[in-house]
Amino acid sequence: MTMHTLRPVAFDHPDAVKLNDEVQLEYAERYGDDGDATWLDPGMFAPPRGLYLLAYDERDRPVASGGWRSQDANEEAYADGDAELKRMFVIREARGHGLARRILAALEEDARAAGRTRMVLETGTKQPEAMNLYASSGYTPCAKFGLYRFDELSRCYAKPLPPAPAPAGPQPAGATA
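These lines cover the structure that appears in this document, whether it is placed above or below. These numbers come from a predicted model, not from an experiment. (Residues numbered from 1 in each chain as written. Predicted model: local features only at pLDDT ≥ 70, side-chain atom pairs only at ≥ 80, totals over all residues. Heavy atoms only, no water.)

## As for the sheet that holds strand β1 (residues 5-8)
Ordered by their spatial adjacency, 7 strands build an open sheet running β1-β2-β3-β4-β5-β7-β6, and the pairing between neighbours is mixed. If you trace the sheet from one side to the other, it starts and ends with β1 and β6 (140-141), each paired once. On the sheet, helix α1 (residues 14-31) packs against β2 (50-56), β3 (62-71), β4 (82-90) and β5 (118-124) and is oriented at approximately 85° with respect to β4. Against the sheet, helix α2 (residues 99-113) makes contact with β1, β2, β3, β4, β5 and β7 (154-160), and its axis sits at roughly 25° relative to β3, the strand it touches most. (Pairing = 2+ DSSP bridges. Helix = DSSP H or I, 4+ residues; strand = E, 2+ residues; numbered from the N terminus. Contact = heavy atoms within 4.5 Å. Axes fitted to C-alpha atoms, helices over the stretch in contact; angles between N-to-C directions.)

## Things to note about the side chain of His4
On the secondary structure map, His4 appears in the segment before β1. Overall, His4 belongs to the buried group, its relative accessible area being 9%. (Buried < 20%, exposed > 50% of the residue type's maximum accessible area, 1.4 Å probe, protein only.)

## A closer look at unusual backbone geometry
Residue Pro48 is bonded to the preceding Pro47 through a cis peptide linkage, with omega at 5°. Its place among the elements puts Pro48 in the loop between α1 and β2. Non-glycine residue Asp60 carries a positive phi angle of around 65°.

## Examining the pattern of salt bridges
One pass over the structure, following the stated rule, counts 16 salt bridges. The salt bridge involving Arg92 is made with Glu26; its shortest N-O contact spans 3.8 Å. Residue Arg92 is located in the loop between β4 and α2, and its partner Glu26 is located in helix α1; the two are separated by 66 residues in the primary sequence. For Glu26, a relative accessible area of 8% translates into the label buried. The salt bridge involving Asp72 is made with Arg49; its shortest N-O contact spans 3.8 Å. Placement of Asp72 in the loop between β3 and β4 and of Arg49 in the loop between α1 and β2 is noted, with a sequence separation of 23 residues between them. What makes Asp72 partly exposed here is its relative accessible area of 29%. (Salt bridge = Lys/Arg side-chain N within 4 Å of Asp/Glu carboxyl O.)

Okay, here's the thing in structure tokens:
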């Protein structure tokens with residue numbers, strides 16, 4: 001079994017740029033366009049208002065990516081407290097090992113810890129694997145938002161990020177559970 005490590009990197013790190021170029025090519029293949037035209041700035045993924053992760057294989061090759069960025073209510077129909085997933089991608093030869101789920105879980109946990117209350121994402125009908133991943137991870141269809149909110153191929157999903165429960169501390173003497 002291949003071991004993969006997750007590492008936070010800047011969105012403009014050379015390995016992140018390499019994987020971003022690959023995902024854009026895949027979008028272009030699937031949709032017959034130039035890829036995702038959403039404007040992204042590396043600063044959008046800087047903690048504590050975002051995070052960008054790469055998965056590396058045992059030979060230290062970047063094989064998967066994903067990030068989240070803070071969003072609040074604006075003209076593109078985001079809501080206060082949103083954390084938006086961007087650039088979730090696994091290279092073809094590394095698919096089927098649960099990397100997307102690991103990255104997704106790590107991003108959800110980080111966004112929750114940063115005080116975000118809902119994870120949102122936009123994908124498309126020509127990415128059925130993505131739609132299946134999100135549906136099986138607790139995401140439900142939601143009102144469309146973002147650059148592609150008027151595109152008939154666009155699908156938007158959301159998942160609440162409730163605050164983590166407070167850790168159970170020691171019970172006072174005489175207390176019963």
